[in-house]
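# Summary of structural features
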Amino acid sequence: MELTTKIPTRRTSQSKIKEVNSSTLKFGDFVSDHMLICDYKNGEWMQPHIMPFANLSLSPAALALHYGQTVFEGMKAFYMTNSKINIFRIAKHYDRFVKSLDRMAMAIVPEEIFTEGLRQLIDLDRAWVPKEKDHALYIRPFVIATESRFGVKISEEYRFIIFTGPVPIAYTRPIKVKVETKYVRAAKGGTGFAKCGGNYGGSYYPTQLARKEGYDQVLWTDSKENKYIEESGMMNAMFVVDGTIVTPPLSDSILDGITRDSLLTLARDNGIPVSERPVSIDDLETAFRNQTITEAAGIGTAAVVAPIGIIHLNEIDFHLPEYGPENVLYKLKQQLESIRTGHLADVHEWNCII
Ligand code: COI
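Residues numbered from 1 in each chain as written. Predicted model: local features only at pLDDT ≥ 70, side-chain atom pairs only at ≥ 80, totals over all residues. Heavy atoms only, no water.

## Here's the deal with the site of the ligand
For the ligand, the full set of nearby residues is Phe-27, Tyr-138, Arg-140, Lys-195, Tyr-200, Met-235, Gly-300, Thr-301 and Ala-302. Between an oxygen atom of the ligand and a side-chain N or O atom of Lys-195, the distance comes to 2.6 Å. Contact distances for the ligand include 3.3 Å between an oxygen atom and a backbone N or O atom of Thr-301. Contact with the protein chains hides 87% of the accessible area of the ligand, taken as 280 Å² for the molecule alone. (Near = heavy atom within 4 Å. Polar contact = N/O pair within 3.5 Å; in protein donor to acceptor, adjacent residues only side chain to side chain. Areas by Shrake-Rupley, 256 points an atom, 1.4 Å probe, with all protein chains shown as cover.)

## Regarding helix α4 (residues 197–212)
Owing to its 3.6 residues per turn, the α-helix brings residues three or four apart onto one side. For α4, with 16 residues, the first-to-last C-alpha span of 24 Å sits near the 22 Å given by 1.5 Å per residue. If you look at α4, its biggest bend is around 35°, right at Tyr-204, and the proline Pro-206 turns up within four residues after that. Looking only at α4, the buried set comprises Asn-199, Tyr-200, Ser-203, Pro-206, Thr-207 and Ala-210. On its buried side, α4 packs onto β4 (70–72), β9 (175–180) and β10 (217–221). (Helix = DSSP H or I, 4+ residues; strand = E, 2+ residues; numbered from the N terminus. Expected span 1.5 Å × (residues − 1). Bend = angle between axes of the 7 residues up to and from the residue. Buried < 20%, exposed > 50% of the residue type's maximum accessible area, 1.4 Å probe, protein only. Contact = heavy atoms within 4.5 Å.)

## Some details on unusual backbone geometry
Peptide bonds are trans in most cases, and residues, glycine excluded, mostly fall at negative phi. You will see that Asn-226, though not glycine, has its phi angle at about 50°, which is positive. The topology assignment puts Asn-226 in the loop between β10 and β11 (229–232). At Asn-314, a residue that is not glycine, the phi angle is positive and equals roughly 45°. Relative to the assigned elements, Asn-314 resides in the loop between β16 (304–313) and β17 (316–319). According to the relative accessible area criterion, Asn-314 is partly exposed, its value standing at 38%.

## Comments concerning the domain arrangement of the protein chain
Domain assignment breaks the protein chain into domain 1 (17–168) and domain 2 (175–340). Between the C-alpha centres of domain 1 and domain 2 there is a distance of 26 Å. Each side of the interface is counted separately: domain 1 has 22 residues, and domain 2 has 23 residues. Summed over both partners, the interface of domain 1 with domain 2 buries about 2,000 Å², with 58% contributed by carbon and sulfur atoms. The largest contributions to the domain 1 side of the interface with domain 2 come from Phe-72, Arg-96 and Arg-103, which together make up 31% of the buried area. In this assembly, domain 1 and domain 2 are joined by two salt bridges. Taking the shortest distance from any N to any O, the salt bridge between Lys-92 and Asp-256 comes out at 3.4 Å. (Domains from an automatic or database assignment. Buried area = accessible area lost by both parts, 1.4 Å probe. Salt bridge = Lys/Arg side-chain N within 4 Å of Asp/Glu carboxyl O.)

Here's what the structure looks like:
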């Protein structure tokens, strides 16, 4: 593959941007005008192209549709105070993408295609980056196995695609979660750390059961003892206990969340104690009984901080205090948003300005 400085681009003749109403916009409602496509065949990545967003033509025998070789990333771009656009933490997202692709035995997208593809696609669709507070352009890079062959095998052909869409921050009201001790999201040695489609599909059924009981999501526990908290729904889990931010340590069954990493880094910068340690269900119950737990949240790209209002564990609904501007996670989230939009200095060089 030869990446020319300018990726060949076919522009849409009819932008859909006027259809977007930011006051009623929900996460995932809209896709921007263009997408990037790059194919992998005969052991190499071909020339990427940018074109109007459109349906794919795919063989029904494409391996991704049967055996699950699909990997994605979730990233965000922000409209900045100086009217420039910031794509947040490209390098860390690329590293995670590579780890996920590697775990799923898929072809690795070269860094130049990933980074230059993002820059040129978002530059073309820069009018789609929302200017409203608490909104961003969500970016979805992904790879699917496209080889048309229903024999069970590692695909020899892949398609890398990036599309984007404007989004508000998801989950602003506190959610109710239930500690899940029967079903598991990921096992030791499995794919929990990878951002592969199967991790999400496999979580739907237990989440659906929890919803029937009145909960929004589940707090996943480990696969061996069903004792230690792993993640919160599709997000990392974070708690504030005795003024310390406590979060389960990364492992092969926990996603290396980029928002998780960003908030922990900012906490350390601010001198807030951070403890990456196993959190058992009983630790949580003790913290509720002693009233030392003051905050709990799911942490992810889409929501940033999704505050938790109720945790159901050991047969009891435990209530968290009301969540507001005085909370540790609230303040860290505000600080992160200020860095991403250019209101605060980007000392960690997380921003990629275009
Ligand atoms: C995120 O928190 O950004 C996620 O990974 C959820 C995504 C699948 C919408």
